[in-house]
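A look at the structure
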Amino acid sequence: MAEKPNPKDLPPDSGYRRLAQRWSSFLDRLRRRPAVRLIFRIWNRIWTTTRMLWLCGYDVVAVLVVWILFVFNNQGQDLLRISAEQSVSVWNIIFFVSTAALSLTVWFTARLLLGRKFETERLDPSKASWLQIWLPRGLGVAVPLGVAIGLLLLDSDIYRIEIRILSVVYVVLTALVFLFVRFRRDWFGVSGSSLLQDQIEVLQGWYLFSVVAPAILAFFLLVAFMIWPVGLAQWLGAPAIVMLAFVGIVLFGSMVLTYLPLAMGQPRATALAVAFAVVFGLWIDNHYVRLSDHAASLSRLPPAQHYTEWRKTHSNPTLINGREPVILVAAAGGGIRAAYWTATNLAALEAVPGFGENLFAISGVSGGSLGATTYTALKRTLGQPELLAKKVRAVLSQDFLSPVVAGLLFPDLAQRFIPLSIPAADRQRFLELSWEEAMGEAVGAAPNPFADAFANLYDEDKALLPSLLLNTTLVDSGRRAIVSNLDISDFTDTVDLLAVDLSTPAIRLSAAAGASARFTYVSPAGTLIWFQKTPDNNTEEHKLRVVDGGYFENSGAATATDLLVALHKEHADRLFPILILIRNDPTAPMVCQRGTVDDAKDLSGDAASSWSDNLLKEVSAPIRALLHARTARARLAEVDAAREFEANGGAVIELPLAAVLQTAVARAKGDRATLKRLKARAIEPPLGWSLSNDVRNEMDRVLADGHGILSREYAMLHALLQGNQVNYEPCRAR
C-alpha cells in the first residue's frame, strides 16, 4: 500500500499541497479566535485534572468510599449512630485516629505522585501547579469532612447531643488536617517549593517511616484478625477497620504499584496485580461451606409423615371448625434487620396461647433464616419460653458487621494475591463465628447449638421443635436449594442440601443460616461438592456454589406453599393451615391490605428518586428491572401463598416491618421534617449486619405497644388459636 505523501515533499504547485496549506491556515485562524482558545483551555484543564486524578486513583477511590459509606449509605449512617451511642470509648478513639491516619495517608501519597514528572507518563503536573498543590490537600481534607457531614445528617431522640458533639469533633479534625497540610513548612521550618527533590528522598527519614509503619500495622492486623476474628474486630469497630484497611490499600497501591514502577521508568503495576488475582482465582477457593466434625445421622421424614409424629408430642390442640391448626411461618430476608424482626416476633408470639404447640415449620430467607435459626436454637437450648425474648435480643444485638468487614478487607483481600487457599481467611467464617460467639454468650454453660451440626439440633426430641427450611440459591443453575430436617425430595425442582450425594449433610447450624444469607459481595458464594455417580459406578466430584436465598425468592412464601401442598397430600381434611408472613420491607404495602402505608410510601423516596430514572437510563434500566423484579417476585410469592392457604380453608396473619414506620408516622403526622428523620432511622439497608440502639428500640417499642397493624394481626391469631374463626377477617377482604 502506498504511503500517504508528506505535503512538504510535494512540488509547490501540487494541488494536494495547496489544499493542505489552506487547511493548516484555517486551523491557525480558528485557534486564534478567543472563543476557541477558551474552549481548548477549559478542555486542557479538564483533561489534565482527569489525568491527575487517575494518577492518584487509589487516593480518589478511598475518598469516594468514605463519602459513599458515611454520607449516602444507610448502613454507614447507622454505624455513625452507633459511634455516637458509644460515647467516649475505645471504638471512637480508634475511629478518630484511623480517620486522621487515612486523611494524612491520602494527602501524603497524592503529594508524592504529583510532586514529580515521570518519564513514562506524558502528564507534567507542574503545568498545573495550583492543582498539583491543592488536589492532594483537598483529597486529604475530604476524608474527615465526609465523616463530619455524615454525622451532621443524623438525628436521634436519645443521642442527639452525642451526635452533635461527635460531629464537632470531626469538623475540628477536618480543620486541623487542613491547617497541617497548608502550614506544615512554616511550623517545621522546611523551605523549598517542592516536597520531593529527587527519587532518593522518598527512601529517607520520616518519608520511609510514614510508608513502612502503616504497612507493618496493616500486616499485623491481617494476621491478628485471623487469630482473633471476632473479638478484635468488634473492639476496633467497623468504621475504624474500613479506615485502617484503606490506609494499607492506599499505601500499597500508590507507592508499590504506582510510584515505584513509574520512578523506575516502568508502567504502573496495578494491571499486573489484577492479572495475578485473576490467574490465582482459577484454582484458589477458600469459601467452602463449613462443616461439623460430629454430625448425627438424621433420619428425615416427608412433611406429611413428620406432621403425624410431630402432632403426637403436640396433642389435643384447640380445633378450629373441627380441624387441627398448623402454623407455617415465612420469614423474609433483609440482613440483621430481618433477623431481629423475625426472631423478636417469634419470641413475642410465644405469649399467644397455642402458638408454640401449633408452630410446625419456619421457611426463612437470608436474615429471616438467621432469625428463625436463632429462635429455634434458643427454644431447644433454654427450654423456658419466658427467657426467649430476652435471649433473642441479646444474641441479635451484637455487632456482626465488624468481623465480616475485617475479614473482607484484610485476610480475604490478601488471599486474592496468594496462590494457596487459606480457609481461615474466608470472610464468611468471620461472620458465622460472630454468630456462634453471640449464641455462646446467651446459652452460657450449655452446648452452643450454632457451633454444632444442623442435624444435631434435631437428634433428640426432634418432634418438639418446629422444622426449619432455610432457603438458598445455586449459582450454577439458579435453582432453589434448602437445608431442612424434613425430607423435601418431593418439592418441585429443589435441591436438598442434606442429600447424601452432597458434601453438606454435616453442615454447621451457623453455616446453614449463613448459606441462606450469603449476599454477594458482603459474603462470598459458598462452595460444596456434588458426588455424581457415573454409569460405570465411579464417582465424579463437581463443585456447586450457593448464594443468598433472596436471589431466587426473598419472602420464603414459595417454600411455605410447597410445604402446605406436601402436607395436604395426606391431611387435607384434617388441617386448618395458618400462614404467618413476617415481612421485612419497611415501606412495602401490605399483602392483605393494600394502600395502608401511603405515608410510608411517600417517605420511600419514589418521588425524590425520579431524577435517577433518567440518569444513564440505557445502562441502569436493565439493572433496575432485575432488582425490582426480585422484589416483585417475593411479593407475588406472598400473594400466591395467601390465596393458597385461604383456598384450603386456612388463614393468613401478616407481621410487616412497615408497621414500625407506620406507627412512627402516626406519631409525627403532619410534621414532614420529623417524618424524614424517622425514615432515616427506621429503614436500614438489607445488607447490613449491625443495628444501632435507636433502630432496635423502635422495633421493640412497636412490639411492646401493641398498637395498629400488629395489634390487629396478633388479636386475630389469638382468636383463631382459641377456636374462634368468627373474628378472622379474610386476607382478600381486608
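Residues numbered from 1 in each chain as written. Predicted model: local features only at pLDDT ≥ 70, side-chain atom pairs only at ≥ 80, totals over all residues. Heavy atoms only, no water.

Notes on the overall build of the protein
Counting its secondary structure elements, the protein contains 28 helices and nine strands. Put simply, the protein has 734 residues, and 52% of those count as buried. Across the protein, the fraction of contacts at a sequence separation of at least 24, relative to all contacts at a separation of at least 6, is 77%. Carbon and sulfur atoms form 61% of the exposed surface of the protein, whose accessible area is close to 33400 Å². (Helix = DSSP H or I, 4+ residues; strand = E, 2+ residues; numbered from the N terminus. Buried < 20%, exposed > 50% of the residue type's maximum accessible area, 1.4 Å probe, protein only. Contact = heavy atoms within 4.5 Å. Areas by Shrake-Rupley, 256 points an atom, 1.4 Å probe, with all protein chains shown as cover.)

Considering unusual backbone geometry
Not every positive phi belongs to a glycine, and Asn321 is a case in point at roughly 55°. Position of Asn321 among the secondary structure elements: in the loop between helix H12 (303–312) and strand E1 (324–331). Of the residues examined, Asn321 reaches a relative accessible area of 60% and is grouped as exposed. Even without a glycine there, the phi angle at Ser366 is positive, about 55°. Locating Ser366 in the fold gives a position in the loop between strand E2 (359–365) and helix H15 (367–382). Judged by its relative accessible area of 5%, Ser366 is buried.

A look at the pattern of salt bridges
What the rule picks out here adds up to 20 salt bridges. A salt bridge links Lys543 to Asp285; its shortest N-O distance comes to 3.5 Å. Highlighted residues: Lys543 in strand E7 (residues 539–548) and Asp285 in the loop between helix H11 (270–280) and H12, separated in sequence by 258 residues. Residue Arg427 pairs with Asp412 through a salt bridge whose shortest N-O separation is 2.9 Å. (Salt bridge = Lys/Arg side-chain N within 4 Å of Asp/Glu carboxyl O.)

What about helix H19 (residues 427–443)?
Over its 17 residues, H19 runs 25 Å from end to end, which matches the ideal 24 Å to within 8%, given 1.5 Å per residue. Counted residue by residue, H19 has 14 buried out of 17 residues, so it is predominantly covered. If you check the start of H19, you find a side-chain oxygen 3.1 Å away from the backbone N of Gln428, and it comes from Asp426. Looking one or two places after H19, you find Gly444, whose phi comes out positive at around 65°. (Expected span 1.5 Å × (residues − 1). Polar contact = N/O pair within 3.5 Å; in protein donor to acceptor, adjacent residues only side chain to side chain.)

Quick notes on the packing of aromatic side chains
Tallied over the entire structure, the rule returns 16 aromatic pairs. Taken together, the ring pairs connect Phe70, Phe95, Phe96 and Tyr170 into an aromatic cluster. Positioned over the ring face of Trp134 is Arg137, at 4.7 Å from the centre of the ring. (Phe/Tyr/Trp six-rings, centres within 6.5 Å; stacked < 30°, edge-to-face > 60°. Lys NZ or Arg CZ within 6 Å of the ring centre and 35° of its normal.)

Section: a nonpolar patch on the surface
Side chains of Val168, Val172, Leu176, Phe178, Leu179 and Phe183 sit close together on the surface and give an oily, nonpolar patch of about 480 Å² of accessible area. The residue Leu176 is located in helix H7 (residues 160–188) in this model. For Leu176, a relative accessible area of 48% corresponds to the partly exposed category. (Patch = residues over 30% accessible without salt bridge, like charges linked within 9 Å, V, L, I, M, F, W, Y side chains within 5 Å.)

As for the pairing of strand E4 (residues 480–484)
Counting buried positions over the five residues of E4 gives five, a clear majority of the element. Side-chain alternation along E4 places Arg480, Ile482 and Ser484 on one buried face and Ala481 and Val483 on a second face that is also buried. In the sheet, strand E3 (residues 467–474) pairs with E4 via five bridges, with the strands oriented antiparallel. Note on E4: the bridge partner recorded for Thr472 is Ala481. The antiparallel pairing of E3 with E4 creates a hairpin that spans five residues between the two strands, and Gly478 there sits at a positive phi of about 75°. (Pairing = 2+ DSSP bridges.)

Digging into the confidence of the model for the protein
Mean pLDDT over the protein works out to 84, with 84% of the residues at or above the 70 mark. The model gives residues 192–204 a pLDDT under 50, and that stretch makes 28 contacts with residues more than four places away or in other chains. Low pLDDT, under 50, characterises residues 595–612; the stretch is placed with 23 contacts to residues that sit more than four places away or in other chains. (pLDDT = per-residue confidence, 0-100.)

Things to note about helix H17 (residues 401–409)
The α-helix winds at 3.6 residues per turn, so residues separated by three or four positions along the chain end up facing the same way. Most of H17 is tucked away, with eight of its nine residues classed as buried. Listing the buried residues of H17 in full gives Leu401, Ser402, Pro403, Val404, Val405, Ala406, Gly407 and Leu409.

Digging into the nonpolar core
The biggest cluster of nonpolar side chains holds 185 residues, and the ones touching the most others in it are Phe355 and Ile580. Among the elements that take part in this core, helix H10 (residues 238–263) stands out by supplying 15 residues, more than any other. Discounting chain neighbours no more than four positions away, the residues touching Ile580 are Ile327, Leu328, Val329, Ala330, Leu349, Phe355, Ile653, Leu655 and Leu717. (Core = buried A, V, L, I, M, F, W, Y, C linked by side-chain atoms within 4.5 Å.)

Description of the packing of helix H3 (residues 57–70) against helix H6 (residues 129–152)
Taken N-terminus to C-terminus, the directions of H3 and H6 make an angle of 5°; their axes are 8 Å apart at the nearest point. Considering the angle they form, H3 stands roughly parallel to H6. The segment H3 lies against H6, with Asp59, Val60, Val63, Val66, Trp67 and Phe70 engaging Leu139, Ala142, Val143, Leu145, Gly146, Val147, Ile149 and Gly150. Its residues assigned to classes, the contact of H3 with H6 comprises eleven nonpolar, two polar and one charged. (Axes fitted to C-alpha atoms, helices over the stretch in contact; angles between N-to-C directions. Parallel < 35°, antiparallel > 145°, perpendicular 65-115°, else oblique. Nonpolar A, V, L, I, M, F, W, Y, C, P; charged D, E, K, R; others polar.)

What about the state of the cysteines?
Applying the stated rule across the entire model yields one disulfide. Disulfide partner of Cys592: Cys731, at an S-S distance of 1.9 Å. Because the sign of the S-S torsion sets the handedness, a value of about -100° for the bond joining Cys592 and Cys731 places this disulfide among the left-handed ones. Of this pair, Cys592 sits in the loop between strand E8 (575–583) and helix H22 (598–603) while Cys731 sits in the segment after helix H28 (708–721), placing them 139 residues apart in sequence. Of the two residues examined, Cys592 and Cys731, each falls in the buried class. (Disulfide = S-S within 2.5 Å.)

Digging into the environment of Gln305
Tracing the backbone shows Gln305 in helix H12. On a C-alpha basis, the gap between Gln305 and Leu486 in space is 9.6 Å, while along the polypeptide they are 181 residues apart.

Digging into the pairing of E3
Counting buried positions over the eight residues of E3 gives eight, a clear majority of the element. In E3, alternate side chains face the same way, and those of Ser467, Leu469, Asn471 and Thr473 on one face and Leu468, Leu470, Thr472 and Leu474 on the other are all buried. As judged from the five bridges shared by E2 and E3, these two strands associate in the parallel manner. Pairing of Ile362 across the sheet is with Leu468, part of E3. In terms of strand pairing, E3 meets E7 through three bridges, oriented antiparallel. What sits directly across from Leu474, in E7, is Val546.

Describing the environment of Val279
Relative to the elements of secondary structure, Val279 occurs in helix H11. Judged by its relative accessible area of 40%, Val279 falls in the partly exposed class. Taking C-alpha positions, Val279 is 8.9 Å from Pro419, a pair spaced 140 residues apart along the chain.

Describing the packing of helix H13 (residues 335–349) against H15
Put simply, H13 and H15 touch, their axes get as near as 7 Å, and they point 35° apart. The element H13 and its partner H15 pack so that their crossing is right-handed. Seen from H13, the contacting residues are Gly335, Ala338, Ala339, Thr342, Ala343, Leu346 and Ala347; seen from H15, they are Gly367, Gly368, Leu370, Gly371, Ala372 and Tyr375. Looking at the contact of H13 with H15 residue by residue, the classes come out as eight nonpolar, five polar and no charged. (Left-handed = near helix turned anticlockwise from the far one by under 90°.)

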